[in-house]
Amino acid sequence: TRTPVNVTVTGAAGQIGYALLFRIASGHLLGPDVPVRLRLLEIPQAVKAAEGTAMELDDCAFPLLSGIDITDDAKTAFDGVNVALLVGARPRSKGMERGDLLEANGGIFKPQGEAINAGAADDVRVLVVGNPANTNALIAQRHAPDVPAERFTAMTRLDHNRALSQLAKKLGVSVTDIRKLTIWGNHSATQYPDLFHAEVNGRNAAQAVDDQAWLENDFIPTVAKRGAAIIEARGASSAASAANAAIDHVFTWVNGTAEGDWTSAAVVSDGSYGVPEGLISSFPVTAKDGRYEIVQGLEIDEFSRGRIDASVAELVEERDAVQGLGLI
Ligand code: NAX
């Protein structure tokens, strides 16, 4: 039998946590042959709720689930961690300025980065879901100098999946007919879902759509503002779809992208496509041998250039703000 993989989930008692944990325990994160040991990190007030979720996990009798630990201590939660899903974050409350939000999250992601640095397994992979995801990931990464920077990522896979569905609907095709879609930039309203490099049954997606007005006024804003539309309809923010995207992100990272395709993930920039080195920005990425790599050599036209630059400018502002606050 294989040694269980240690999977740490922060914010485990939250709504994404509730949708995520059962799928991890049933084998969807790493595959049907990989036993997992769950570590749940919560704030003290939510530990009891996390224990309730753990009781339900027990009641599923998942064959792959080899144990559950619950803690409010980051050091304990990340000791020996192989896969860290950082979901818990400080939401923006009424009247909160952006600086306050970044500062509150710095208070979460700095110690978590330090705890990962101190205790994680050599192969640790980190996915930040909690918003502002890219900048939270940057804060954690900067406080884990002994972990290769490429192991820190932030989630834009939900945006990617949303874009796949919107395009499939528009063209009356299946999502499996679409390849090489990209989300660029920040997981925020400035993100740029790019159809110019995407293919639908081998044909260029932007040409297949042939409707620049739809692309600019419908597709891009629908994808970028989908989170708000879900809140409006459901009365609560995206949870199961976010959990599903987190599962996809890690599964792809470990198991690879299909030949001739890529996906989207926010990874540490190496300077590709004019994105300043060190920023955690979304790119087209392939996964191979357990590593995400930025797809190189794409031609970026003027329209895409402007959109990418605008979203990256926002990431630069966020980075400068957390730098100004002494968080990185
Ligand atoms: P909830 O408020 O339901 O749950 C968050 C949980 O995190 C709470 O149980 C809270 O006690 C816990 N928490 C807070 N601080 C913590 C800390 N220091 N350590 C451990 N746990 C802590 O939020 P939920 O709907 O689950 O969303 C979680 C995060 O995901 C939010 O920041 C949200 O904005 C973000 N999202 C990111 C998405 C993405 O695509 N990257 C999409 C979905 C989602 O909006």
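Residues numbered from 1 in each chain as written. Predicted model: local features only at pLDDT ≥ 70, side-chain atom pairs only at ≥ 80, totals over all residues. Heavy atoms only, no water.

Near the ligand you find 23 residues, and of these Gln-15, Ile-16, Glu-42, Val-129 and Asn-131 are the closest. Backbone polar atom of Met-155 to a nitrogen atom of the ligand: 3.4 Å apart, as the coordinates give it. At 3.2 Å, a side-chain N or O of His-187 approaches an oxygen atom of the ligand. Within the complex, the protein chains bury 79% of what would otherwise be the 870 Å² of accessible surface of the ligand. A majority-of-atoms criterion places the ligand in the largest pocket. Those elements that provide at least two residues to the shell around the ligand are α1 (15-25) and α4 (98-119). A breakdown of the residues in the shell around the ligand according to their chemical character gives twelve nonpolar, ten polar and one charged. (Near = heavy atom within 4 Å. Polar contact = N/O pair within 3.5 Å; in protein donor to acceptor, adjacent residues only side chain to side chain. Areas by Shrake-Rupley, 256 points an atom, 1.4 Å probe, with all protein chains shown as cover. 1 Å grid on protein atoms, 1.4 Å probe; cavity = no way out; pocket = protein on both sides within 12 Å on 5 of 7 lines; lining within 4 Å. Sits in = over half its atoms within 2 Å of the grid points. Helix = DSSP H or I, 4+ residues; strand = E, 2+ residues; numbered from the N terminus. Nonpolar A, V, L, I, M, F, W, Y, C, P; charged D, E, K, R; others polar.)

Over the atoms rolls a probe the size of a water molecule, and its path tells where empty space is left. Scanning the entire structure with this criterion turns up one cavity of 30 Å³ or more. When its volume is computed, the largest cavity comes out at roughly 30 Å³. If you go around the largest cavity, the residues you meet are Asn-134, Thr-135, Leu-138, Leu-279, Ile-280, Leu-315 and Arg-319. Those elements that place two or more of their residues in the lining of the largest cavity are α5 (133-142) and α11 (302-324). Of the residues forming the lining of the largest cavity, the biggest block, three residues, is contributed by α5. (Points joined across faces, edges and corners; volume = space filled by probe spheres on them.)

UniProt annotation of "binding site: NAD(+)" (unreviewed entry) refers to Gly-11, Ala-12, Ala-13, Gly-14, Gln-15, Ile-16, Gly-17, Asn-105, Gln-112, Val-129, Gly-130 and Asn-131 when read in the numbering used here. In the annotated group above, the largest pocket draws its lining from Gly-11, Gly-14, Gln-15, Ile-16, Gly-17, Gln-112, Val-129, Gly-130 and Asn-131. Relative to the helices and strands, Ala-12 resides in the loop between β1 (5-10) and α1. Apart from the residues lying within four places of it in its own chain, the contact partners of Ala-12 are Gly-17, Tyr-18, Leu-21, Leu-40, Leu-41 and Glu-42. Position of Gly-130 among the secondary structure elements: in the loop between β5 (125-128) and α5. A relative accessible area of 5% means that Gly-130 is categorised as buried. With residues up to four places along the chain from it excluded, the contact list for Gly-130 reads Leu-86, Val-87, Ala-89 and Asn-136. (UniProt positions renumbered as here; feature names shortened; annotations may be inferred. Contact = heavy atoms within 4.5 Å. Buried < 20%, exposed > 50% of the residue type's maximum accessible area, 1.4 Å probe, protein only.)

What follows deals with α5. Among the ten residues in α5, nine count as buried, and that is most of the element. Residues of α5 that are buried: Ala-133, Asn-134, Thr-135, Asn-136, Ala-137, Leu-138, Ile-139, Ala-140 and Gln-141. Of the surrounding elements, those touching the buried residues of α5 are α4, β5, β6 (152-154), β12 (263-268), β13 (280-288) and α11.

In this section: the sheet that holds strand β10 (residues 199-200). Strand order in the open sheet formed by three strands is β7-β10-β11, with antiparallel pairing between adjacent strands. Edge positions in the sheet fall to β7 (178-179) and β11 (203-204), since each of these pairs with one other strand and no more. Sheet analysis places β10 next to β11, joined by two bridges and oriented antiparallel. From the neighbouring strand, Glu-199 faces β11, where its bridge partner is Asn-204. (Pairing = 2+ DSSP bridges.)

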